[in-house]
Structure formats: structure tokens, C-alpha cells
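Structural features, examined
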Amino acid sequence: MSTLIRTVKLKKYFPVTGGVLKRKIAEVKAVDEVNISIKHGECFGVVGESGCGKTTLGKTIIRLLKPNGGSIFFDAPDDVLEEVDKLADSDPKSERLKELRKQYDLSTFKGRKLRPFRSKMQIVYQDPTTSLDPRMLVKDIVGEPLVVQKLVKRGEVRDRVIEMLRKVGLTDKQLYRFPHEFSGGQRQRIAVARALIVNPKFVILDEPTSSVDVSVRAQLLNLFTALQKDLGLTYLFISHDLSVVECISHRVAVMYLGKIVELAQTEELYENPHHPYALALLSAIPIPDPTLKRQKIMLSGEVPSPINPPHGCRFHPRCPKVMDICSKEEPALEDLGNGHFVACHLY
Amino acid sequence: MPSWKEMRFTFGRIKQSPVSVIGFAIIVFYVLIALLAPILASPSPNSDPYMIPQESFIFMPNPPSATHIFGTTENQYDLWYGCIWGTRTAFRIGIMVVVSSLAIGLLIGCISGYYGGIVDELMMRFTDIIFAFPGLVLAMALYMALPDKITVFNFGGFGWTVTLMALDKVLIALILVGWPSYTRVIRGEILRVRTEDYIEAAKASGCSDFRVMVKHVIPNSIYPIVIMSSLDIGGIVLTAAAMSFLGIGAPKGYADWGQLISLSRNWIFGDMNNPLAFWHVFLIPGIFIFIFVLGWNLLGDAFRDILDPTIRRR
Amino acid sequence: MVNLLEIENLVLKFYTYEGEVEALDEVSLYLREGETLGVVGETGCGKSVTALSTLVLVPSPGRIEAGHIFFKSKSEQVDMLSQNESVLRKIRGKDISMIFQEPRVYLNPVYTVLDQISEVYVHHRMKEFCQKAIVDIDNEIKSKKTSRLLRFEKSMFNEILKNPRSPTIKIVSKIPFLNRHRRRLKRMLRREVVGILKAMEIADPERVVDMYPHELSGGMAQRVVIAMALACNPTLLIADEPTTNLDVTVQLQILNLIKNLKDKFGSSVLYITHDMGVVADLCQRVAVMYAGSVCEVADVIEIFKNPLHPYTKGLLESIPLPGKSYKSIAGTVPSLINPPKGCRFHDRCLFALDICTTVKPKMVEATKDHFVQCHLFGDVSK
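Residues numbered from 1 in each chain as written. Chains lettered and ligands numbered in written order. Predicted model: local features only at pLDDT ≥ 70, side-chain atom pairs only at ≥ 80, totals over all residues.

1. Concerning the overall build of chain B
Applied cut-off: Secondary structure follows DSSP: runs of H or I at least 4 residues long count as helices, runs of E at least 2 residues long count as strands, and numbering of each begins at the N terminus. Residues with at least 20 neighbouring C-beta atoms inside 10 Å of their own are called buried, those with 12 or fewer are called exposed, and the rest are partly exposed, where every C-beta is derived from the backbone. Once C-beta atoms are placed from the backbone, any two residues with those atoms within 7 Å are in contact.
Counting its regular elements, chain B contains 12 helices and two strands. Going residue by residue from the N terminus, the α and β elements of chain B occur as α-α-α-α-α-α-β-β-α-α-α-α-α-α. By residue count, 38% of the 314 residues in chain B fall in the buried class. Long-range contacts, defined as pairs at least 24 residues apart, comprise 69% of the intrachain contacts of chain B with a sequence gap of at least 6.

Here it is, written out as C-alpha cells:
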């Protein structure tokens, strides 16, 4: 399967202004040199707690935010990617590299050039209450991407909207209603319909089940799986709920303070986690079985602020298996085989 | 249709509070008076209907009588005629000033709030300058400064010159003094709405900045402005009346409530024996102004209670 | 053994513009002393308003129409709904405390942590502090010289003990040199607050004590709120989804904290949540609520092993778990303005009988200590 998204050393920093003249005094390193590659038709899960940068990563990949460094290759053929890798290692300043980047690297695109990509990449937000314009009718909300992208003629917009609503489980009787007249789960479906109506290739699902009830969560997950098969979508599924990610993703990456600490196939990660943070995270999931008494790993302290991440391995102040080297040197992502990567000095 | 459902809900809420019903009724009453002005007080033919007819030129006002229902004021201007046609003038001034200020405020506030940065800073400092002056004083100064004729363009003989009547000058002065407050309010609302998720979602769908502003940001920030405008119409009429009282504004004999009160200046304390001898001269136009402003204020309060999104039953 | 908290047939309605919302429909629950009862349900099932009703803090337009709430305060039964405000105010915060979902919203943003926790102490335990202060002053008089000022302070404390609202106190508190008693009080309060923050497992409480709520992280703020709730050793702690908005590792810390504190302080806990995993970890008994009525109440192991009510079964099956398939419950929660007649779950129930559409089932004891409100287990099915 070919790669749909490849990020190389992707960086997104937010400036912190202070002082009278509002100069930049520090930077929030939200996403710090992240390399991932997502294949066509895959559901790639990203887990982590608040402040780890997963939402920022998603938004930077689809260029709602401008990256401060690194590249994003969208739907580049495999040979191009190989060439880019080779050139980056051997001759980073070559003209050919610049040419290839101009053609395929989303991080160099601006404004007008990004327009056609907007219909290929979409996002479903976490909170359906705030992500739908409260003053617009459902038919306008779902139809707007079509109208803006000028993908179909005016007369056809309504039909496409009805078709999309049916696909997500709503009826055309609900066309002329406002978002506040629906429940949370239904609003999320409207958001999904809006995202999918332009037939994107890549959809970012930013914690889509966090704001809805438990029983609705299952319905939404079923819907996502069905739509992925039906429309051949590729997902980036962001969540802090590990059980939900496990059910729907093929591969999972664990993020902490802007860096990926572990990446593996889903079953592999959940059965055989290596990184101490991943271990702690997995042991902290409350299991609905009162007879199961697990040894829970308690981490000390709280997540530090991403403005001043700790030196060396970012997790070392809280790590139960910390060693001397951890505070000095940052571990790189090592390949443990079978597509399982860990960034930890223990390995 | 859903927008009708929305309107019916809004009217239902209006009906619930007696204060808003009264406000609404007052405004409807004045609208009827303004519309029926030619019938209620027929103008004399061959003259500008806005000039109050004078039967004679006696200096002292006459109390209400059979021929002059409200009596006459100084120089025998008919009060009935003046009050009825003055309603039209009041609506003209109020609505024109508010709509124009709103338009300017929307334009500048939108650009300022949406784009931020240096543009925002410059605009806001400019509005600060205008806020530094007391409104009435600045309006009067602008009135004095505005020329009588403005030449829009002149290409050697072929041109377009606009003549400003006194009332036009008042309108322009009030607009120039009034737009900063609208800009401020609109900018504040846009700053609040700009960071919402659905704006970002619209951008993710590929909407241009213009479309986002017009279709998403403005409809969601419009309610405080609606409230502010309805409260403001009353205020503008009061300011215009104050300016007329001070002698600036409509020419003598124009059907304008402020004018009528200005004409009553000499008669407020009446005779030596009877201080309230000429009560009709200032009280009747005063009541008209008072109830007009009250109506708009009540309506504005009612709008605020109804349209406040936190109280609305969403 | 008398129950600590008994809610009997509570009926609660909200009179909104759109109609009457029948939020609670004859809800009955009981909580034994020393146990943790979990109340589980989805949004809109009425668990939060049940908790608020216990403290008689239901916001208008809500009104409690019928039912009783009995609370055992100091070995006597108190009927909460028929007490007047002053009695209730003594109970709230002292005998029954509540912690909420979003801690930073429930902390006053303009007061420091010290001020907010001190407020609880000042309101409920002033007498203790005064007595302790008097004892301290006596000790100091014995050893120090400036006895006149100390005696004046002592008289102030005595005055507060006698009559907390006396005008003398108010006036003297404002005079700069004479209000020494305030400084002593402040020192004592500070010590107490730092102590309780330490008990909350906050590292570096001296620094946290002077912070404002916006400077605290989610987990820290929740600990501060818990400190406020436990400041006066309440017999009942009501927790309304306190860990829903927190990260998973922080949630683990807070749950552990609640478990430790429960052992240390000996309180009973009424824990409201929608997360079955948390319930399995923390609670001893579980009550499942749906659309304003209690469906099932049982021991925690029993309810996971042997769920009886169709809604409980559906809920447990719909939890996405590693390695397990999940099924969703068809349909959506009904609007409570015109709730369905009979059993409120009947339109989504896979096992619905004819009688379920007309008659509301009664709560029966299906097996030992396992109560269900369903026609499948009532006398009708027999």
C-alpha cells in the first residue's frame, strides 16, 4: 500500500509573548520533530494526554496551522519519497530536493495552492456543539464545503447533502433544522457528513467520541468503520481514550510532550508495550471488571508544561525506570522489529 | 420554514413581557403617526410639507383651541402640525444615523477584529481619538466645519456638487460621532466569535476570508448590535433635539421636535403671575420626545432579554 | 443499621418554557455508612440533580414535587426537605460535601487557594479555632511579657465564641493595631490549610496555597476542591463526575486519593459517573439510572457478572474494550418533557413486553440485595 501522508521532522511551535512590547520570550514546543507515515486505507491512532500535542499534530498535517519546520508529503508516489529521503541524507541543499518539495511538500504551500487540497483533507472536531455554526441550517452546514469548493453544480448540492445525511444515519426530514435541536451524537454525525461530503482521502478524527455518551460512542465507532470501508478513507484518529483507539486503529502512536515515544501495530502495542509512559498509560485505563485487580503504575507529579520541556528524555522526571543517561541525552526512535518503534534508553 | 419558527418564537417571547409589549406598541403608534402625517395634518399646497404653517406672526403663543389642537408656539407655528411631521423627521434622523453608523462600524470593526495585528491597532487608536471628545461638542464642531457645498468631482465644467442642507449636516455630524461605538462593539463580538471551532471548520472547508466573515462571523455577532441600535435611535433623536435647542440644526420653522422646544425657550417661565401659562409650548413636544425615546429604550431592553444567548432557551 | 442517606420516591420537575421536564420519577436510593455507592447513567438521566437534591440545591426552575430525603446527621434522622435554610447551611460543607466535574469553574477566580479553603474553616469550625487560640494565648501569657495585648486578644476570642456577630468584633477588626487576633487566626488557618493540602498528596503545598485557580492544572485544582470538601470531615461526600475532564494518569491519581481519604477520614462516598471502569474500580454498590428512574441497584461484582435490567446489559455490551466486540443500543435517550408512558426504556428495549408501554414497573428484589425495576422480574412475568 502506498503512503498517503508522510511527515519528516515536523515542527510546530507557538510563541509565548510577554513584556511591554509583547516580544517572544519563549516557545511552546507543541510538536517537536515528529516523523510518521500513514498508508492508504489505514486508521492511524495517536494517543496521549492533554498537552502532548496530538491535536496540534493533526491540525498541522492538514495545514490549518503553518508548521515551523519539517515537511508534509501528501499523496506522493513512493519513488519520490525514496528520492527525498536519499537527498535529505546526502545533499540537503540540492536543487532537486527543493523542486520535489515545491511539488509535494504541503508545508511549502501557501493560500491559493492549498485550496484544492482542502477537499482532499478534512477534520471532524471534538465538540460538536461548537464546531457547527449555530445560526445555520443543517443543509447549509453540510452543503457548504461543496459550494465553496465548486465541486458540483448548484442544483445537485441538495441531492448530495441528502445522500450524505442518509449515509451517516440521519434523514432528509432533518435538513431544515438547527444544530441545537439535535442530541450530541446526532450533531457529531452532522459534522461527519460535512467532512465527508467533499470525498476527501484523508480525515482527521479529533477525539470525536469524547463529548458523547457511552452508548452513542459505540454507534459512532461503528459508523466510522463502515464509512472507512465504504468510501476508502484514511483516518488519523486522535484520542486520549485508549480503549476507543484500540478498537478502531490499525497502528497506534503514543505521544508525550510533542514527541512520539512509541509506535506499533495495535495488538502489539496493547499486548507488549515497552515505553514506561505507554505502560503507565495502559495500566491506568479503568477496566469495567471489578474482579480484576491489576497492578497500576502510578506516575508521580503532573505533565510538565511544554514551554520548558525537561532536558534529555522528556519523560525522565516522572519515569519509574529512570537512569542517568535519561536526563542528558534524548533517545531516538529505535526499530525493535515488526514495525514496533520505541524512543527510550532502555532499548 | 425554520426562520419563521424562529420569528414566531421571538414574538412569543416579546408577548410575554409587558414591558416589551408597551415598547413595541409605542413604536407602532409612532410609525402610524408618521405614515399618516399628510392625513392628520394636511400640508399647505405649494410649500415644503416640513415647514410648519404660520397663520399669523404674533409673537406670543396661543393655548390649545378648537382650530389649533395643541395650540401654537412663538410666531404662531402650529404645534399639532409640528409634532406630527416632527415624527417623520425623528424617524429620518434616528434611522439614517444609526444605519449609517452601523454600516461604517461593521466594515471597520470586521476588518479590525478579524485580521488583528497592526490594522487593528491603528483603527482602535483612531476610534480612541474620536472617543476623547465629548459627543455633543464634537457634533457641533463638525456641524460648523462642514461646508455648504461639497464638490464630489469636477472635470472642467462637468461635475457633481452636493448641497448640504442644515439637517444633512446634522446627520453627517452625528454619524461621524457615532460610528466608533459600533466599531468597538462589533470588534469585540468578532474577537469572541473568531476563535470558535466552526470558523476553523469553515476555513478547513476552503472558505475564503470574505465568506467566513459574511456568512459565519457576522450572523453570530449581530445580536448585541441590534440591541445597541435600538437603544441608540432614541439617544440620537435626543442628541439631535439638544442640538436644535442650541440653535444648530434644522432651519427655523422646520417640523422638528427639537426646533419646537427651541422656540419655547422664551416661554418656559411664562408670565409673572402664572408660571405655567405656556405649558403647552414645551410640554407637548417634550412628551412626544420622551415617549418616543422611552419606546425605543423599552424595545432595546426587550431585545436584549430575548436575544441574549445565555438566557434564550437553547 | 440505619442508612446514612435514604432517598424515597423523589419526584423532581423542571418548569421550563418548553414544558415540564420530569427529571426524576420516583427515585429511591439508599447509602449505607462507610460504603461507596456508584450512580451510573448517561447524560440527562438525572444523576446530577439527584445529588443536588440531597443538598436541597436544585436550581430553579426545578422543584421537588414529592418524596423524602433522610440523612443521618449525628445519630439522628434529618428530613432534608423540610428543614429551613439555616439548618441546611450547617449541614452543607460540614456533614455533606460535594465536589464537581470541572474544578476550575467551581473555584472563585479572584481568591487564592488559601482564601477559599479558609472560608470553609471559618464558616464551620470557628469555635474550635477560637478555643485553640485561647489555649495558645494562655500558654504565651505564662511565658511572655507583653501580657496586656495578649489578654486583649484573648478577650476578643472569647467575644467571638460568645457572639460571632457582635458589633464589637466588627469594629475592632477594622482598627489596625487592635486586630491582632486576625493575624493569629490567619496563621492558624494557613497551617491548617497547608496540612490538608499535604493530606491531598500535593507536593509543595506552601507554594500552591498562594496560587490562584487559573494557575493550577486540572488535577491540582481538583485536589483543592476535594480539600475544601473534606476540610470539615464530612460523613458523606458526593462526587459528581470529578475525573471526567482529567487525563487518564491524573484520574488514576485522584481515584487513588479518594480511596485513601475514604479510609483515613471514614466518609461514605456517593460517586456519580458514566464510566463503568471507574465504578468497577472504586465502588462497592452500583445504581444504574436511565431517564430519571433507577433501573437497577446491586453489589458491584453482582452487577457486572449478572446484569438483569436490559439497559444495564446494553450499557455493558456497548463499552469498547480491547479484544471485545461492542454493540450499541439502538435509538436515543427520550426527551423528558413528554416521557414515554410506562417504562421509559421500552422503545429501545429488546425484551419489551406489552405491559411495558403502559405500566411503570416497580422496584423488586430479584435476588438477594439485587434490585431491579423491570417487568421481566416483577410479579407479572410469573
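2. A word on the pairing of strand β10 (residues 293-299) of chain C
Residue and element names in this part refer to chain C. For clarity, the threshold we go by: Here the rule is simple: two strands pair whenever DSSP picks up at least two bridges between them.
Counting buried positions along β10 gives six out of seven residues, so the element sits mostly inside the fold. Sheet topology places strand β9 (residues 285-290) next to β10; six bridges connect them, and they run antiparallel. Directly across from Met-289, in β10, lies its bridge partner Val-294. Once β9 ends, the chain turns through two residues before running back antiparallel as β10, passing Ala-291 with a positive phi of about 45°. Note: β10 against strand β12 (residues 370-373), two bridges, orientation antiparallel. Across the sheet, Val-297 pairs through a bridge with Phe-371, a residue of β12.

3. Quick word on the sheet that holds strand β1 (residues 3-18) of chain A
Residue and element names in this part refer to chain A. Rule in force here: Axes here mean lines fitted to C-alpha atoms, for a helix over just the part in contact, with angles spanning 0 to 180 degrees between N-to-C directions.
Pairing in this open sheet of three strands is antiparallel, and the strands run β2-β1-β4 from one edge to the other. Unpaired on one side and paired on the other, β2 (23-39) and β4 (69-74) mark the two borders of the sheet. Pairwise comparison of adjacent strand axes, ignoring direction, gives a mean angle of 25° for this sheet. With 13 bridges joining them, β1 and β2 adopt antiparallel strand pairing. Directly across from Thr-3, in β2, lies its bridge partner Lys-39.

4. Things to note about the pairing of strand β2 (residues 19-31) of chain C
Residues and elements named next belong to chain C. Here 10 bridges tie strand β1 (residues 5-16) to β2, and the two strands are oriented antiparallel to one another. Across the sheet, residue Leu-5 finds its bridge partner in β2, namely Leu-31. Between the antiparallel neighbours β1 and β2 lie two residues.

5. Focus on the packing of helix α6 (residues 138-149) of chain A against helix α7 (residues 154-167) of chain A
All names here are of chain A. Note the threshold: With respect to orientation, any angle under 35 degrees is reported as roughly parallel, any angle over 145 as roughly antiparallel, any angle of 65 to 115 as roughly perpendicular, and every other angle as oblique. The handedness criterion is simple: a crossing whose near helix is rotated anticlockwise from the far helix by less than a right angle is left-handed, and one whose near helix is rotated clockwise is right-handed. Any residue that is not Ala, Val, Leu, Ile, Met, Phe, Trp, Tyr, Cys, Pro, Asp, Glu, Lys or Arg is counted as polar, Gly included; the first ten are nonpolar and the last four charged.
At a minimum axis separation of 9 Å, α6 and α7 run at an interaxial angle of 120°. It follows from the interaxial angle that α6 and α7 lie oblique. Relative to α7, the crossing made by α6 is right-handed. Contact with α6, carried on its side by Lys-139, Val-142, Gly-143, Leu-146 and Val-147, involves Val-157, Arg-158, Arg-160, Val-161, Met-164 and Leu-165 of α7 and no other residues of that element. The residue inventory of the contact of α6 with α7, partitioned by class, reads seven nonpolar, one polar and three charged.

6. Structural notes on the confidence of the model for chain B
All names here are of chain B. The following threshold applies: Per residue, pLDDT captures the predictor's confidence, and it can take any value from 0 to 100.
Looking at chain B as a whole, its pLDDT mean stands at 83, while 94% of the residues score no less than 70. Within chain B, helix α5 (residues 117-132) carries the highest mean pLDDT (90), whereas helix α1 (residues 2-16) carries the lowest (68). Scoring the predicted complex yields pTM 0.80 and, for the interface, ipTM 0.81.

7. Describing the interface of chain C and chain A
By a widespread convention, an interface's size corresponds to the accessible area lost as its parts come together. Each side of the interface is counted separately: chain C has 36 residues, and chain A has 32 residues. Going through the elements one at a time, α9 (218-230), α10 (248-265), α11 (276-282), α12 (300-305) and α13 (310-317) of chain C are the ones with two or more residues in the side of chain C that touches chain A. At seven residues, α10(C) tops the list of elements feeding residues into the side of chain C that touches chain A. Split by residue class, the side of chain C that touches chain A holds 18 nonpolar, 13 polar and five charged.

8. Observations concerning helix α2 (residues 18-35) of chain B
Residues and elements named next belong to chain B. Put simply, the rule reads: Working rule for helices: expected span equals 1.5 Å times residues minus one. The arc in question is the one traced by the directions running from the helix axis out to the C-beta atoms.
With 18 residues, α2 should cover 26 Å at 1.5 Å per step; its first-to-last C-alpha distance of 26 Å lies within 8% of that length. Taken together, the buried positions of α2 are Ser-20, Gly-23 and Ile-33. Considered in projection along α2, the buried side chains sweep an arc of 150° and stay on one side of the axis. Among the exposed residues of α2, those pointing more than 90 degrees away from its buried face are Pro-18, Val-28 and Leu-32.

9. Examining the environment of C:Leu353
Relative to the assigned elements, C:Leu353 resides in the loop between α13 and β11 (363-367). Spatially, the C-alpha atoms of C:Leu353 and C:Leu376 are 8.2 Å apart, while their sequence positions differ by 23 residues.

10. Re α6(A)
Among the residues of α6(A), A:Val138, A:Ile141, A:Val142, A:Gly143, A:Glu144, A:Pro145, A:Leu146 and A:Val148 are the ones counted as buried. Residues of α6(A) that are buried in the fold lie against α7 and α8 (184-196) of chain A together with α8 (197-204) and α9 (209-221) of chain B. Just downstream of α6(A), A:Lys150 is the residue with a positive phi angle, here 55°.

11. Let's talk about the environment of C:Asn84
With respect to the helices, strands and loops of the structure, C:Asn84 is situated in the loop between β5 (76-79) and α2 (85-91). Spatially, the C-alpha atoms of C:Asn84 and C:His346 are 40 Å apart, while their sequence positions differ by 262 residues.

12. Topic: the packing of helix α2 (residues 78-90) of chain A against helix α3 (residues 95-104) of chain A
Residues and elements named next belong to chain A. The geometry of α2 relative to α3 is characterised by a closest axis approach of 10 Å and an angle of 140° between their N-to-C directions. Between α2 and α3, the angle is such that the two are oblique. With respect to the hand of their crossing, α2 and α3 are arranged in left-handed fashion. Across from Val-80, Glu-83, Val-84, Leu-87 and Ala-88 in α2, the residues of α3 making contact are Arg-96, Leu-97, Leu-100 and Tyr-104. For the contact of α2 with α3, the residue count by class is seven nonpolar, no polar and two charged.

13. Considerations on the nonpolar core
For clarity, the cut-off: For this entry, the nonpolar core is defined as buried Ala, Val, Leu, Ile, Met, Phe, Trp, Tyr and Cys residues connected by C-beta atoms within 7 Å. Those domain boundaries reflect an automatic or database domain assignment.
One finds A:Leu236, A:Val254, B:Leu174, B:Val237, C:Ala227 and C:Leu270 to be the most contacted residues of the largest nonpolar core, which totals 262 residues. Looking at this core element by element, the count peaks at 13 residues for helix α4 (residues 79-115) of chain B. Each of domain 1 (5-110 + 212-289) and domain 2 (113-196) of chain C accounts for three or more of the residues forming this core. Of all hydrophobic cores here, the second largest spans seven residues; its members include C:Cys130, C:Met156, C:Phe157 and C:Leu185.

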